Amino acid sequence: MQRDADALHAAGVTGVAVRLETPRGTVTARSGVGDLVTRRPVSTDGYLRLGSTTKTFVATAMLQLVGEKRISLDQTVEQLLPGVVSGAGNDGRTISVRDLLQHTSGLSDYIYDVFPNPSAQTYFANRWRAYQPEELVALAMRHEPAFPAGTRWAYSNTNYVLAGMIIQKITGRTWEQQVHDRILRPLGLRDTDTPGTWPFLPQPRTANYQQFTVDGPMVDTTTPYRPFDSGADGSMTGTGRDLNRFFTALVNGQLLKPTELAAMRTTVPVPQASGHPAGTQDGLGLFFTPLSCGGGYLGHGGSGFGYVIRTATTTDGRRTITVSAHSRTADPRTAARQEDALRNLIDHALCRTT
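To keep things clear, this report deals only with the structure shown in the data block. What you see as residue numbers is a count from 1 along each chain, following the sequence as written. Where totals are concerned, whole chains, interfaces and linings use all residues; where local detail is concerned, this predicted model gives features only for residues with pLDDT of at least 70, and gives and counts side-chain atom pairs only at 80 or more. Processing note: side-chain calculations cover all non-hydrogen atoms of the structure and skip hydrogens and water entirely.

### Section: the overall build of the chain
Secondary structure counts use DSSP, requiring at least four H or I residues in a row for a helix and at least two E residues in a row for a strand, with both numbered from the N terminus. In terms of regular secondary structure, the chain is built from 12 helices and 15 strands. Throughout, the radius of gyration refers to the C-alpha atoms, and the reference size of a globule is 2.2 Å times the residue count to the power 0.38. Relative to the globule expectation of 20 Å for 354 residues, the C-alpha radius of gyration of the chain, 19 Å, shows essentially globular dimensions. Counting the 354 residues in the chain, one finds 58% classified as buried. Pairs at least 24 residues apart make up 70% of the contacts formed inside the chain by residues separated by at least 6 positions. Areas reported here follow the Shrake-Rupley algorithm with a probe of radius 1.4 Å; residue values treat only the protein chains shown as occluding. Approximately 14800 Å² of the chain is accessible, and the part contributed by carbon and sulfur atoms is 50%. Each charge class in the chain was averaged separately, 35 positive and 31 negative side chains, and the resulting centres sit 5 Å apart. Between buried and exposed lies partly exposed: a residue is buried under 20% and exposed over 50% of the maximum accessible area for its type, with that area taken using a 1.4 Å probe on protein chains only. Contact between two residues is taken to exist if any of their heavy atoms lie within 4.5 Å; hydrogens are not considered. In this tally, Asp and Glu contribute negative charge and Lys and Arg positive charge; neither His nor the terminal groups of the chain are included. The location of each charge is read from NZ of Lys, CZ of Arg, CG of Asp or CD of Glu.

If you want it as structure tokens, here you go:
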């Protein structure tokens, strides 16, 4: 695992941290530096931005509500949030809660509206601006849907912004409160939080760096871009230790009843051109990815300016890994090499039998 972490660093990632839980104990690895100025070591179990890994927490809370008969996966967005999804061909009457959680809604992804020009100038000019969930959904509603709901798959952060709004509508409490009460507190995940638009990570942490242009400088983006990943689609923070504990508990049935866990693990194919490994399938906030040794793993990833994080667990929950990579390149070829190295690290770690 150390060799694979070093390979990811050699591919250009400034800092790498890995935490693997196995029946025989915990294995950690780190490579690179914690920041480019002091050259301090990477934090062994530092605080991380979870990005879209937040979606698995939100989907779990939603499915608990399904298990309590407070909501149905087949209910439509229009029934739950009247008039919110409409205009430009969008029709909440045709989109179910299942479509939101599985990215089969066809709804436009709002992130293209809040970061239309991929540059460091845009990052610095707008990184402190925050939007309400209703504002983000309204931005997405200006665009026609990519396809009729339920007919195809396309990842859209708008889906989970709506999921968070639905949780609040059903329960009268925010999705953050529901995640704390239903998941974080019962599992004792004291280092995981829902900070919303609060931009600062606790210490210890590793700095994140984004290269906005090929051959351009690495820009310190440890302060996030608040117009996106500030809500139910990607705002949570935590540690590798807590993430591993959460995914292991989820797959082992500690958080969901068998019917709801089966629904979460019922998948649709992810298109080859989506950037996911061949054979990837998407459930409800949980991806299935094949392993080179046979079978596959369940998990979710997250990314933002300057970081990529992946948590993956074998389908029996016996081996769970979180990898955090703390820089992102603007060069597509370098990015592909880094992605290959990241996938190889996870594959090698989960394919081991000891």
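### Remarks on a nonpolar patch on the surface
The grouping of Trp128, Trp198 and Phe200 at the surface amounts to a nonpolar patch, some 370 Å² of accessible area in total. Since its relative accessible area comes to 54%, tryptophan 198 is described here as exposed. Exposure above 30% relative accessible area and the absence of a salt bridge qualify a residue for a patch, where like charges join within 9 Å and nonpolar side chains (Val, Leu, Ile, Met, Phe, Trp, Tyr) within 5 Å. Every case where a carboxyl oxygen of Asp or Glu lies within 4 Å of a side-chain nitrogen of Lys or Arg is listed as a salt bridge.

### A closer look at empty space enclosed by the protein
Buriedness for pockets is judged along seven lines, at least five of which must meet protein on both sides within 12 Å for an open set on the 1 Å grid over protein atoms alone, while cavities are sets there where a 1.4 Å probe fits but cannot get out, and lining residues have an atom within 4 Å of a point. Grid points are joined across faces, edges and corners, and a volume is the space filled by probe spheres set on the points. Under the definition given, this model contains 3 cavities of 30 Å³ or more. Residue lining of the largest cavity: 23 residues in total, with Arg49, Pro224, Tyr225, Phe228 and Asp229 positioned closest to the centre. For the second largest cavity, the calculated volume is near 110 Å³. Around the second largest cavity, the lining comprises 15 residues; the ones closest to its centre are Ala17, Thr44, Leu48, Gly240 and Ser324. The set of elements that each furnish at least two residues to the lining of the second largest cavity consists of β1 (15-22) and β14 (320-325). Per-element accounting of the lining of the second largest cavity gives the leading share, 3 residues, to β1. Each residue is assigned to one class: nonpolar for Ala, Val, Leu, Ile, Met, Phe, Trp, Tyr, Cys and Pro, charged for Asp, Glu, Lys and Arg, and polar for all the others, Gly among them. Tallied by class, residues from the lining of the second largest cavity come to 4 nonpolar, 8 polar and 3 charged.

### Description of the environment of leucine 162
If you trace the backbone, leucine 162 turns up in helix α8 (residues 158-171). With relative accessibility at 0%, the residue leucine 162 sits in the buried group. Residues leucine 162 and valine 85 lie 77 residues apart in sequence; the distance between their C-alpha atoms is 9.2 Å. Contact partners of leucine 162, with chain neighbours within four places excluded, come to Leu81, Val84, Val85, Leu100, Leu107 and Val137.

### Let's talk about the pairing of strand β2 (residues 25-32)
Only strands joined by at least two bridges in the DSSP assignment are considered to pair. One ladder, built from 8 bridges, connects β1 with β2; its direction is antiparallel. Bridge pairing links threonine 22 to glycine 25 in β2. Counted along the chain from β1 to the antiparallel partner β2, the turn is 2 residues long.

### Focus: the sheet that holds strand β10 (residues 281-282)
Where strands meet in a sheet, backbone hydrogen bonds hold them as pairs that are either parallel or antiparallel. The strand order across the open sheet built from 8 strands is β2-β1-β14-β13-β12-β11-β10-β9, with neighbouring strands paired in antiparallel fashion. Both outer strands of the open sheet, β2 and β9 (268-269), are each paired with one neighbouring strand and no more. As paired elements, β1 and β14 share 6 bridges and run antiparallel to each other. From the neighbouring strand, arginine 19 faces β14, where its bridge partner is threonine 322.

Coordinates in, geometry out; function isn't part of it.
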